[in-house]
Each structure stands twice: as structure tokens, then as C-alpha cells.
Amino acid sequence: MTKFFALVTFIFGLWTNTLSAAAAPKIVLAHGALNARIAPLWIAHEQKFFAKYGVDSTVILVRQIQIMVSGLGTGEIDIALTSGSTLLGAAAGGLDTKMVAALNAKVTYDLVAAPAIKTIKDLRGKRFGIQAFGGGLWMGAMLGLESLGLDPQRDNISVLQVGDQSVIAQAIEAGSIDAAALDGVFSRKLKQKGFNILAEFSQSNIPTIGLGLIAKNMFIRERQDALEGILKGLSEAVAFILSPKYKPVVLKTIMQHLRISDSLSAEEGYQDLVTGLDKKLVPSIEGLRNTQRLLKPRNPKLENIKVEELIDDRIVRRLEESGFIGRLQAAHGIK
């Protein structure tokens with residue numbers, strides 16, 4: 001009898017070890033922003049799309065970029081959803097990272113100005129609000145102004161760090177600043193109050209990288225299966241979001257994570273999300289070059305970085321070329 005129990009214990013141990021070895025890899029994904037554009041990550045996790053493709057995901061909010069980059073370096077964070085400027089900063093600091101996918105590849109902000117400012121030329125000599133120098137909002141604003149033929153230094157435009165977009169919108173309304181680049185959720189409300197939208201940058205196809213997935217090269221090299229599962233799950237989340245059928249679920253997700261009860265605000269956030277969402281998830285090299293160009297005066301170390309070496313889009317391109325992404329979108333009714 002003793003031998004029998006010993007045999008059972010041994011077989012059970014082998015079975016447990018086999019299950020453990022076959023268990024889905026645990027992957028920690030971090031994001032630093034808290035807005036509707038993060039929804040693909042939330043949807044992929046909560047609708048179990050990551051799990052569907054063999055990944056046990058944990059999604060965390062890390063508000064400070066320095067802590068996020070440090071977490072990538074130590075391996076406490078496997079993948080970060082962050083901006084192209086974060087990628088370049090990490091590379092300049094010696095961290096061996098690459099971007100493997102991007103959620104958006106163009107500037108989508110609206111240029112909003114005070115009622116007295118009627119034309120682009122009227123912005124000369126005015127006060128322009130941003131969240132922070134080097135951040136995504138600053139990047140989009142500078143690229144947008146550049147596309148309109150404006151240069152803050154030459155045209156005497158004072159660029160002021162004000163706060164996040166809600167604070168910037170309040171500052172415009174209070175007259176503390178004269179103009180800013182804002183998401184539609186804020187610009188539309190200001191327009192209703194008599195403020196002017198001088199440009200919709202979403203119509204201009206200005207290349208940038210607003211949010212993308214970055215990971216260390218070691219993770220990309222050694223965890224290919226897990227990375228492919230993440231990118232498949234994210235691709236399905238994008239198809240899910242773009243499908244009118246699941247819009248109520250997406251709105252509910254946005255409201256829960258942003259802790260808002262106003263369905264109209266959630267709807268506006270949803271519109272901002274789908275306006276800029278890239279179906280193929282392929283990072284824009286030109287967008288990263290734009291980011292590098294704007295940041296070089298503030299960080300000379302970026303001068304010698306070859307941006308094409310900071311992008312590894314092999315998996316997302318393979319998913320596109322194999323028809324995987326097309327089949328997902330067809331299954332969700334997206335043409």
C-alpha cells in the first residue's frame with residue numbers, strides 16, 4: 001500500500017509539473033496615462049483576449065515615466081504602453097528597448113483658441129498651453145503648429161506648462177492662456193462656449209507615435225510566443241473597439257477606468273479613441289523621426305540614435321501579411 005501511495009504521489013507530482021510548465025506565461029503590462037486611448041489595453045485584458053492567445057496578463061498604472069522605464073530595466077515590467085518620446089529617452093539612457101506595436105500613428109488633437117483669435121496668424125505673440133515639455137501633448141502641439149507654418153520661437157508664442165488637458169481647458173476658459181492642442185472631448189465643449197477650433201490635426205496626417213508598446217530586446221528575443229500572444233490579443237481588442245456591435249461595452253470600460261458617470265463624456269472619449277486608432281498597429285518610423293527631431297535640442301544624446309533600430313515590427317507585420325488582422329476585423333464586421 002505504501003508503494004502504491006508513493007507511486008500515486010510521484011505521478012501526481014509529474015502531472016502538476018507538466019501543468020505548471022504548460023501554464024500561460026505571466027506578463028506585466030504597464031501604462032502611464034489615464035484616458036480613453038488606453039482602452040485597447042483594458043479591453044484586451046478584461047475581455048480575455050490576451051488569455052485567448054495564451055498569455056496570463058496583469059495590467060498596471062505607473063504614473064511616473066521614470067519609474068516605468070526603471071521597471072522595464074529591472075524586468076518588473078515586461079511591456080509598457082507609452083509614447084515615442086519615452087522610447088527615445090530610454091534609448092538615450094542606455095536601456096536596450098524597442099517598440100513592437102503602436103496604437104496611433106498620427107496627431108489627432110484639435111487646435112483650440114480664445115474667441116478673439118480668428119486665424120492661425122492671430123496666434124503670434126500669444127500664450128500656448130501644454131502639459132509638459134517632451135510629453136505627448138507637447139509633441140502633437142508642436143508638430144501641429146509646424147504643419148501650419150508656425151514656429152513658437154520665431155513667432156513669439158509663449159509655450160507654458162499648465163497641467164493635464166482638463167486643467168488646460170479650464171485655463172483657456174479663464175483666459176490664463178490663449179490656445180492649446182486638445183482632444184475632442186475638451187475642444188467640442190469649448191467650441192459650444194464660443195471658442196474657436198482653428199485646425200483639426202486628425203485631417204492633416206501628421207506622423208507621430210502617440211502610444212506604442214515597448215519592451216527590452218531580451219524579452220523580445222526570448223519571449224516570442226508571449227509577445228505574439230500579446231499582439232494578437234491587442235489586435236483583437238482594436239477590432240472589438242471598432243465594431244459598432246461592442247460600442248456599449250467599450251463605453252462602459254472607459255467609464256469604469258476613468259471613474260466617470262457622464263455617458264456623454266465617455267462618448268466623446270470614444271470618438272477620440274477611434275479617430276486615432278491604427279488598425280494594423282505598425283509603428284511609424286517617420287513619426288519616431290519627428291519625435292527625435294523635436295527632442296534633440298533638449299537632449300543632445302538623441303542625435304546619434306538611429307530610430308529605425310528602435311522599432312521591431314516583425315510580428316505585427318506578419319499578423320497583417322498572414323491575413324490574421326483582416327480575418328479578425330471581418331469577424332467583427334469591420335470593412
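Residues numbered from 1 in each chain as written. Predicted model: local features only at pLDDT ≥ 70, side-chain atom pairs only at ≥ 80, totals over all residues. Heavy atoms only, no water.

## A look at the nonpolar core
Test applied: Side-chain atoms within 4.5 Å are what join buried Ala, Val, Leu, Ile, Met, Phe, Trp, Tyr and Cys residues into a set we call a nonpolar core. A simple rule labels every residue: compare its accessible area, found with a 1.4 Å probe on the protein chains alone, to the largest value its type can have, and call it buried under 20%, exposed over 50%, or partly exposed in between. Comment: elements are numbered from the N terminus, with helices defined as DSSP H or I runs of at least four residues and strands as E runs of at least two. Contacts were defined at the residue level, with two residues in contact if any of their heavy atoms lie within 4.5 Å.
Among the nonpolar cores identified, the biggest contains 60 residues, and Leu123 and Phe128 are the most heavily contacted of them. Looking at which element gives the most residues to this core, the answer is helix 6 (residues 136-147), with seven residues. Those residues in contact with Leu123 that lie beyond four places of it in its chain are Leu111, Ala113, Ile117, Leu145, Leu150, Ile157, Ala179 and Leu198. One finds Leu211, Ile315, Leu328 and Ile334 within the second-largest nonpolar core, a separate group that totals 51 residues.

## A short note on the sheet that holds strand 7 (residues 158-161)
To be explicit about the condition: A pair of strands is labelled paired if DSSP reports no fewer than 2 bridges between them. Under this scheme, a helix contributes an axis fitted over its contacting stretch, all axes are lines through C-alpha atoms, and angles between N-to-C directions fall in the 0 to 180 degree range.
One open sheet accounts for five strands, arranged 7-6-8-5-9; its pairing is mixed. The open sheet has two edge strands with one neighbour each: strand 7 and strand 9 (196-200). Across this sheet, the average inter-strand angle for adjacent strands is 30 degrees, counted without regard to direction. In this structure, strand 6 (residues 127-130) lies alongside strand 7, joined through four bridges in parallel fashion. Within strand 7, the residue paired with Phe128 across the bridge is Val159. Most of the contacts of helix 7 (residues 165-174) go to strand 8 (residues 179-182), to which it runs at about 150 degrees, and overall it touches strand 5 (110-113), strand 6 and strand 8. The strands touched by helix 8 (residues 184-192) within the sheet are strand 5, strand 8 and strand 9, with strand 5 carrying the most contacts at an inclination of about 35 degrees.

## Structural notes on the side chain of Asp183
The residue Asp183 is located in the loop between strand 8 and helix 8 in this model. Since its relative accessible area comes to 7%, Asp183 is described here as buried. Residues in contact with Asp183, not counting those within four places in the same chain, are Arg37, Tyr109, Gln165 and Asp272.

## Some details on the confidence of the model for the chain
Threshold: Think of pLDDT as the predictor's per-residue confidence, scored from 0 to 100.
Taken residue by residue, the chain gives an average pLDDT of 89. The fraction at 70 or more is 93%. Low confidence marks residues 1-22, where pLDDT is under 50. Its contacts with residues over four positions away, or in another chain, come to zero contacts.

## Considerations on the pattern of salt bridges
Inclusion rule: Criterion for a salt bridge: a side-chain nitrogen of Lys or Arg within 4 Å of a carboxyl oxygen of Asp or Glu.
A full pass over the atoms with the stated rule returns 18 salt bridges. Here Glu303 makes a salt bridge to Lys296, at a shortest N to O gap of 3.7 Å. When its relative accessible area of 27% is taken as the criterion, Lys296 is described as partly exposed.

## What about the packing of helix 10 (residues 224-242) against helix 14 (residues 314-321)?
Definition in use: Any angle between 65 and 115 degrees counts as roughly perpendicular, while under 35 counts as roughly parallel, over 145 as roughly antiparallel, and the rest as oblique. Throughout, a crossing is termed right-handed when the near helix is turned clockwise from the far one, and left-handed when it is turned anticlockwise from it by less than a right angle. As a working rule, the residues Ala, Val, Leu, Ile, Met, Phe, Trp, Tyr, Cys and Pro are called nonpolar, Asp, Glu, Lys and Arg charged, and the rest polar, with Gly in that last group.
Where helix 10 contacts helix 14, the axes come no closer than 10 Å and their chain directions differ by 55 degrees. By the angle between their axes, helix 10 is oblique relative to helix 14. Crossing of helix 10 over helix 14 shows right-handed handedness. In this structure, helix 10 uses Gln224, Leu227, Glu228, Leu231, Lys232 and Ser235 to contact helix 14, whose residues at the interface are Arg314, Ile315, Val316, Arg318 and Leu319. Taken together, the residues that form the contact of helix 10 with helix 14 break down as five nonpolar, two polar and four charged.

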